[in-house]
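Tertiary structure, described
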Amino acid sequence: MSAMTEDPLPEKARVERLIRIGQPPRNRSELLRKLVWILPWLVFLGAPVQDLLAGHHTTAATTAGWVGLVAFTGTYLAVVFRTMGRAYSGWLVGAMVAVLWVLAVALTLSLGHPWLGLFVYVSVTCGVTLPLTAAYWTIPLTTAAMMLAGWFVDDLDDAWGLFLIVLLVGYSMTGVRQLVRTTVELRKARATVAQLAANEERLRLARDLHDLLGHSLSLITLKSELAGRMLPDHPDKAAQQVADIEQVSRQALVDVREAVTGYRRPRLAGELAGAQVALTAAGVIADLPAEPDLTAVSENSESALAWALREAITNVVRHSGAQRCVAELVRRHTLDGPVLELSVEDNGSGGSGKGPGNGLTGLGERLEKIGGSLETTRLKHGFRLVARVPAGTPLTSADVGSPA
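Comments concerning the overall build of the protein
- Tallying secondary structure elements over the protein gives 12 helices and 5 strands in all.
- Residues counted as buried form 39% of the 404 residues belonging to the protein.
- For the protein, the share of sequence-separated contacts (at least 6 apart) that also reach a separation of at least 24 residues comes to 69%.
- As displayed, the protein offers around 22700 Å² of accessible surface, 62% of which is attributable to carbon and sulfur atoms.

Quick word on the nonpolar core
- Among the nonpolar cores identified, the biggest contains 40 residues, and L279, L305, I313 and V344 are the most heavily contacted of them.
- Residue assignment for this core shows that the elements contributing at least two residues are α8 (156-230), α9 (235-261), α10 (268-281), α11 (299-320), β2 (324-334), β3 (337-346), α12 (358-369) and β5 (382-390).
- Broken down by element, the residue count for this core peaks at 10 residues, all from α11.
- When residues no more than four places from it in sequence are discounted, the contact partners of I313 are A275, A278, L279, C325 and V344.
- Membership of the second largest hydrophobic core comes to 39 residues, among which are M96, C126, L162 and V166.

A look at the sheet that holds β2
- Strand order in the open sheet formed by 5 strands is β1-β2-β3-β5-β4, and the pairing between neighbours is mixed. Every interior strand has two partners, whereas the edge strands, β1 (285-287) and β4 (373-379), have only one. On average, each strand axis in the sheet is tilted by 15° relative to the strand beside it, whichever way the strands run.
- Two elements, β1 and β2, share 3 bridges in a ladder whose sense is parallel. Bridged to D287 within β2 is V326.
- Where α11 meets the sheet, its contacts fall on β2, β3 and β5, and the angle it forms with β3 comes to roughly 15°.

Some details on the packing of helix α6 (residues 118-129) against helix α7 (residues 132-152)
- Where α6 meets α7, the axes come as close as 9 Å, and the angle between the chain directions of the two elements is 170°. With respect to α7, the element α6 is oriented roughly antiparallel. On α7, the residues that touch F119, V122, S123, C126 and G127 of α6 are A135, T138, I139, T142, A145, M146 and A149.

Focus: the pattern of salt bridges
- The full count for this structure, using the stated rule, is 10 salt bridges.
- In this structure, R331 engages D293 in a salt bridge whose closest nitrogen and oxygen atoms are separated by 3.9 Å. Of this pair, R331 sits in strand β2 while D293 sits in the loop between β1 and α11; the two residues are 38 residues apart in sequence, bridging distant segments of the chain.
- For R331, a relative accessible area of 6% corresponds to the buried category.
- For E375, the salt bridge identified is with R388, shortest N-O distance 3.0 Å. Placement of the pair is E375 in strand β4 and R388 in strand β5, with a sequence separation of 13 residues.

Points about the environment of V339
- Tracing the backbone through its elements, the reader meets V339 in strand β3.
- Taking the C-alpha atoms as reference points, V339 and P390, 51 residues apart in sequence, are found 4.5 Å from one another.
- Every residue in contact with V339, bar those within four places of it in the chain, is listed here: V330, R331, R332, T334, R388, V389, P390 and A391.

Things to note about the packing of aromatic side chains
- Inspection of the entire model under this criterion finds 4 aromatic pairs.
- The interplanar angle of 75° and the centroid separation of 6.2 Å between the aromatic rings of F72 and Y121 together place this pair among those described as edge-to-face. Of the two residues, F72 is situated in helix α4 (residues 59-83) and Y121 in helix α6; the sequence distance between them amounts to 49 residues.
- With relative accessibility at 1%, the residue F72 sits in the buried group.
- Judged by relative accessible area, which is 2%, Y121 ranks as buried.
- Ring centres of W160 and F163 lie 5.3 Å apart, and the angle between their planes is 50°; on these two criteria the pair is classed as tilted. Placement of the pair is W160 and F163 together in helix α8, with a separation of 3 residues, close to one helical turn.
- Judged by its relative accessible area of 26%, F163 is partly exposed.

Focus: a nonpolar patch on the surface
- Together, L109, W151, F152, L156 and W160 make up a nonpolar patch on the protein surface, roughly 590 Å² of accessible area in all.
- Every element with two or more residues in the nonpolar patch is listed here: α7 and α8.
- By secondary structure assignment, the location of L109 is in helix α5 (residues 90-111).

Remarks on α6
- Helix length check: α6 (12 residues) gives 17 Å between terminal C-alpha atoms against 16 Å at 1.5 Å per residue, within 8%.
- Judged by how many residues are buried, α6 sits mostly within the fold: 12 of 12 residues are covered.
- Here α6 has its buried residues at L118, F119, V120, Y121, V122, S123, V124, T125, C126, G127, V128 and T129.

So, the environment of L231
- The residue L231 is located in the loop between α8 and α9 in this model.
- For the pair formed by L231 and Q241, sequence separation is 10 residues and the distance between their alpha carbons is 9.9 Å.

A look at α7
- The terminal C-alpha atoms of α7, which comprises 21 residues, lie 30 Å apart, in line with the 30 Å expected from a rise of 1.5 Å per residue.
- Listed as buried for α7 are L132, A134, A135, T138, I139, T142, T143, A145, M146, M147, A149 and G150.

So, how was this worked out
- Residues numbered from 1 in each chain as written.
- Predicted model: local features only at pLDDT ≥ 70, side-chain atom pairs only at ≥ 80, totals over all residues.
- Heavy atoms only, no water.
- Helix = DSSP H or I, 4+ residues; strand = E, 2+ residues; numbered from the N terminus.
- Buried < 20%, exposed > 50% of the residue type's maximum accessible area, 1.4 Å probe, protein only.
- Contact = heavy atoms within 4.5 Å.
- Areas by Shrake-Rupley, 256 points an atom, 1.4 Å probe, with all protein chains shown as cover.
- Core = buried A, V, L, I, M, F, W, Y, C linked by side-chain atoms within 4.5 Å.
- Pairing = 2+ DSSP bridges.
- Axes fitted to C-alpha atoms, helices over the stretch in contact; angles between N-to-C directions.
- Parallel < 35°, antiparallel > 145°, perpendicular 65-115°, else oblique.
- Salt bridge = Lys/Arg side-chain N within 4 Å of Asp/Glu carboxyl O.
- Phe/Tyr/Trp six-rings, centres within 6.5 Å; stacked < 30°, edge-to-face > 60°.
- Patch = residues over 30% accessible without salt bridge, like charges linked within 9 Å, V, L, I, M, F, W, Y side chains within 5 Å.
- Expected span 1.5 Å × (residues − 1).

Next up, the structure:
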């Protein structure tokens, strides 16, 4: 099988096996992976362990050293591991960092320079768990405490050897922490974008279905009423109307399927022809432009004008009660560049609604997306709809209509 047809499941499985940064482990496998990221840092505990095993201290000091080392390691692992999942509350984290500080200072001063490495873990904990403003001053304070402890145990050489490690590892942990936070925020943002995209697709589909079915069902209703009136006296003409109804319904079904799949791009010439049929069937005198000149007009602009014409004609047929409808298509120059303007005006009542309906609202959104605009005006005797879309490259003066 070619790479183009490769099953995506293995890639998904690999992603699922990755450690979920900033989230608690869901099972034992993820727990072990998180431990793999933490345990290698325990290498700096080698010197304290070797110091205790060497027998350089009294039995009481050795016992106290083991107890302190276990307490220090347990506290460190608890606070850092929980920070990679469900973190402790702020006051508890502060208390645990303070415990690490006290243990590191006390064990170093009591048992000597091999214990200076504990300050590495204190610096890591400050960088990982404390608020950034607090981490920025506690990390150098931890480094200074280590240098003072090294001076007190008379081993500044080892302290200077750890100086950059303690300082830089703490600040690097603040960077890792911010990276983890950014990753989590990006994951949430990606989910939000996906939800917004799904909502936008639903809105697009709702607009398309409204425009498609509103126009087609209005035409079917008109032809059905006309066929009903013709049926008693003119069965042949009624049969013709029924045949037209069948054709319109079939085309509506095709349009709906294309809209659902996202490939529907209505053409302005086709909508002009459909408008002529719809207006004639409704008994409205139609004055429509001839074959439109779409030179330098993009497909998106033409499609938006086609939707605008369909919505306007649907409203004329369904709501206006008009006897005449005039549509004009002209090119104009505006301050924003050349535009193609569609104007549809009727002499009807304009409907009973007090505000724009769903169709006009969706049409306005559709035009705004491509940089166009929609204007609707209630006239003394009628209604006017004007839709403008970008017309591509600038036109010559011969191509330009009246001033905008």
